[in-house]
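# Summary of structural features
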Amino acid sequence: MKKHILPIGSLILVIVVIGYLLYQHFEKGGVTGDGWGTLVMIIGLNMIHTPYWKEYFKK
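The rules we used
Residues numbered from 1 in each chain as written. Predicted model: local features only at pLDDT ≥ 70, side-chain atom pairs only at ≥ 80, totals over all residues. Heavy atoms only, no water. Helix = DSSP H or I, 4+ residues; strand = E, 2+ residues; numbered from the N terminus. Expected span 1.5 Å × (residues − 1). Buried < 20%, exposed > 50% of the residue type's maximum accessible area, 1.4 Å probe, protein only. Contact = heavy atoms within 4.5 Å. Phe/Tyr/Trp six-rings, centres within 6.5 Å; stacked < 30°, edge-to-face > 60°. Core = buried A, V, L, I, M, F, W, Y, C linked by side-chain atoms within 4.5 Å.

### Examining helix α1 (residues 5-28)
Here α1 contains 24 residues, and its C-alpha end-to-end distance of 33 Å stays within 8% of the 34 Å for a straight helix at 1.5 Å per residue. If you check which residues of α1 are buried, you get Pro7, Ser10, Val14, Val17, Leu21 and Gln24. Gly29 sits one or two positions beyond α1 and adopts a positive phi of about 90°.

### Some words on the environment of Val31
Note that Val31 resides in the loop between α1 and α2 (33-47). Setting aside residues no more than four positions away along its own chain, Val31 makes contact with Leu21, Gln24, His25 and Trp36.

### Some details on the environment of Val14
Among the secondary structure elements, Val14 is positioned in helix α1. Its relative accessible area of 10% is what places Val14 among the buried residues.

### Points about the packing of aromatic side chains
Counted under the stated rule, the structure contains six aromatic pairs. Centroid distance Tyr52 to Trp53: 5.1 Å. Interplanar angle 80°. Geometry classified as edge-to-face. Across the pair, exposure class does not vary: Tyr52 and Trp53 are buried alike. Three or more aromatic residues joined by ring pairs form one cluster here, namely Tyr52, Trp53, Tyr56 and Phe57.

### Quick look at α2
Taking 1.5 Å per residue, 15 residues should reach 21 Å; α2 reaches 21 Å between its end C-alpha atoms and fits that length. Each element contacted by the buried residues of α2 is listed here: α1 and α3 (50-58).

### So, the nonpolar core
A general tendency of soluble globular proteins is for nonpolar side chains to be buried together. Core analysis: the largest hydrophobic core is formed by five residues, namely Val14, Val17, Leu21, Leu39 and Ile42. Those elements that place two or more of their residues in this core are α1 and α2. With three residues, the top contributor of residues to this core is α1. Beyond its immediate sequence surroundings of up to four residues, Ile42 is in contact with Leu13, Val14 and Val17.

### Concerning the side chain of Asn46
By secondary structure assignment, the location of Asn46 is in helix α2. Beyond its immediate sequence surroundings of up to four residues, Asn46 is in contact with Pro7, Ser10, Leu11, Val14 and Trp53.

Don't take any of this as a statement about function, it's just geometry.
In structure tokens:
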């Protein structure tokens, strides 16, 4: 199976956004609605790559 850059990049982006939201929660005392919206959009984008991850973990 060939490794693709987009699914891996999407996964890294989800991790970065979650890290930023945790930072914002603990340092600034709350997460804005835009932050939650960004997380939902990034998770939705990552769902496009579900067949790739199923094939990857099937090995």
